[in-house]
Amino acid sequence: VGGFVYTHMKSLAESRMPVDQKISKACQKALRLCRPFHLGIQYSQSSKLQAMDESMTTGASLDIQTVSDKRSVLPRAATAKLSLQALGFSMDFLEAGVRATGVQTMVDSIYSSKKSVFDSLKKKSQHSSQEYRDSPRSESSQRTLQNIEAEKSQLNIKSKSEEDPSAQIYLRRFGNELTFQNIDSAL
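Notes on the structure follow. (Residues numbered from 1 in each chain as written. Predicted model: local features only at pLDDT ≥ 70, side-chain atom pairs only at ≥ 80, totals over all residues. Heavy atoms only, no water.)

**Observations concerning the sheet that holds strand 3 (residues 75-86)**
- The sheet built from 6 strands is open, its strands ordered 1-2-3-4-5-6 with antiparallel pairing. Single-partner strands in this sheet number two, and they are strand 1 (45-53) and strand 6 (176-183). Going across the sheet, the axis of each strand differs from the next one's by a mean of 10 degrees, ignoring polarity.
- When strand 3 meets strand 4 (residues 89-101), the two strands line up antiparallel, connected through 10 bridges. Note that in strand 4 the partner of threonine 79 across the bridge is glycine 97.
- Its contacts with the sheet put helix 1 (residues 2-13) on strand 1 and strand 2 (58-68), and the angle it makes with strand 1 is roughly 10 degrees. (Pairing = 2+ DSSP bridges. Helix = DSSP H or I, 4+ residues; strand = E, 2+ residues; numbered from the N terminus. Axes fitted to C-alpha atoms, helices over the stretch in contact; angles between N-to-C directions. Contact = heavy atoms within 4.5 Å.)

**Structural notes on the packing of helix 1 against helix 2 (residues 21-31)**
- Their axes nearest at 7 Å, the elements helix 1 and helix 2 cross at an angle of 130 degrees. Regarding the angle of helix 1 to helix 2, the classification is oblique. Pair helix 1 / helix 2 crosses with left-handed handedness. Contacts between helix 1 and helix 2 involve Tyr6, Met9, Lys10, Leu12 and Ala13 on the former and, on the latter, Ile23, Ser24, Cys27, Gln28, Ala30 and Leu31. (Parallel < 35°, antiparallel > 145°, perpendicular 65-115°, else oblique. Left-handed = near helix turned anticlockwise from the far one by under 90°.)

Given below as structure tokens:
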């Protein structure tokens, strides 16, 4: 979430569009107080591409936003919005978006003969955890670890089940929805 907020504020701060003047100045001030996020492509992000003709006071901007999920390498949702500015007016010309769930499950099932990257990391983590449990340590730390294991067994923690693949796709022009498609695993 922090990476998305930071990249969104940064793209607003860099905006040259007349419509964004006030928010741009506020974001520039706020970014001075923030620490920069450079997390990588697997995290949620927001970016804005712009073209502006100052003499004609016309321009266009493309806002691209991706929302990621820590359980998947692929983004969970993506939107792209093309806005046009002319003669002091701003209009959302075209907007398209996709939201998908269970995509990582589908990709893993396609490549089921190969192990998922997440499976190998989980196995490595479990292996190092088992090595830690088996290593010799003091009696107090052994007791603490036994207490944690006892409480953990009482909590009845269940891992999340895999999601069925589904997606929603939409397309809007001038703010009016042209189409909305819901695609589920029944297809």
